[in-house]
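Fold and geometry: a report
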Amino acid sequence: METEMRTTWAPTPLGPVVADLAGTRIRRLVFAGADPQGLPDTALEDALAGWFGTGTLTAGYAVDALGGAFQQRVWQAVSGLVRGETTTYAGLAGALGVPRGARAVARALATNPVLLLVPCHRVIGADGSLRGYAGGIARKRALLELEGALDG
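Every value quoted in this text rests on a predicted model; they were computed, and no experiment measured them. (Residues numbered from 1 in each chain as written. Predicted model: local features only at pLDDT ≥ 70, side-chain atom pairs only at ≥ 80, totals over all residues. Heavy atoms only, no water.)

Quick word on the nonpolar core
In this structure, L29, L109 and L116 are the most contacted members of the largest nonpolar core, which totals 34 residues. Of all the secondary structure elements, the ones that give two or more residues to this core are β2 (17-22), β3 (25-31), α1 (42-54), α2 (69-79), α3 (89-95) and α4 (102-110). Counting residues per element, this core draws most heavily on α1, at 5 residues. In contact with L29, other than residues within four places in its own chain, are V17, V18, A19, L48, P113, V114, L115, L116 and L117. (Core = buried A, V, L, I, M, F, W, Y, C linked by side-chain atoms within 4.5 Å. Buried < 20%, exposed > 50% of the residue type's maximum accessible area, 1.4 Å probe, protein only. Helix = DSSP H or I, 4+ residues; strand = E, 2+ residues; numbered from the N terminus. Contact = heavy atoms within 4.5 Å.)

Overview of the packing of aromatic side chains
Going through the model one piece at a time under the given rule, you end up with 1 aromatic pair. Pairing W51 with F52 gives two aromatic rings, centres 5.1 Å apart and planes at 85 degrees, and the pair type is edge-to-face. Residue W51 is classed as buried on the basis of its relative accessible area of 4%. Against the face of W51 rests R83, its NZ or CZ located 5.8 Å from the ring centre. The ring of F31 has R139 lying over it, and the distance from NZ or CZ to the ring centre is 4.1 Å. (Phe/Tyr/Trp six-rings, centres within 6.5 Å; stacked < 30°, edge-to-face > 60°. Lys NZ or Arg CZ within 6 Å of the ring centre and 35° of its normal.)

Here's the deal with the pairing of β2
For β2, a buried count of 6 out of 6 residues is recorded, marking the element as mostly surrounded by other parts of the structure. Of the pairings in the sheet, the one linking strand β1 (residues 5-10) to β2 comprises 6 bridges and is antiparallel in character. Paired with R6 across the bridge in β2 is L21. Connecting β1 to the antiparallel partner β2 that follows it, the hairpin turn spans 6 residues, and G15 within it adopts a positive phi of roughly 115 degrees. As judged from the 6 bridges shared by β2 and β3, these two strands associate in the antiparallel manner. In the strand pairing of β3, A19 is matched with L29. Counting the residues between successive antiparallel strands, the hairpin from β2 to β3 contains 2 residues, one of them, G23, with a positive phi of roughly 65 degrees. (Pairing = 2+ DSSP bridges.)

Written out as structure tokens, the structure is:
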């Protein structure tokens, strides 16, 4: 029996996020476009505080992002990057065995429904530039600085 989906929100150091949850499975996690209404989800807030503090999602939540087979491969590969590590779109494509697939990788990352938790912010341009992040380039920079991948 499928758990009912609910939408909630939680504050983070980089602004509020909105999440779609099926029980403790996170299907979507994006930065809120406006101030959310109602009370924040304290369990999700605690879980995300763990992520911002140590890089580990706490409180029993699991990522359950829905996407196609290629998207899943890309998201799984980028999830293997450790905190403070970056790669390029071309590097990630090469690691996936698609050496000319940098644009396809970029498209898959652009559809990432669980920002932060599938850390697409760790993928940068071949020239070291910060490109495309659904949360905005300023947040991408802040995340990489927090993780020690960029100097503040």
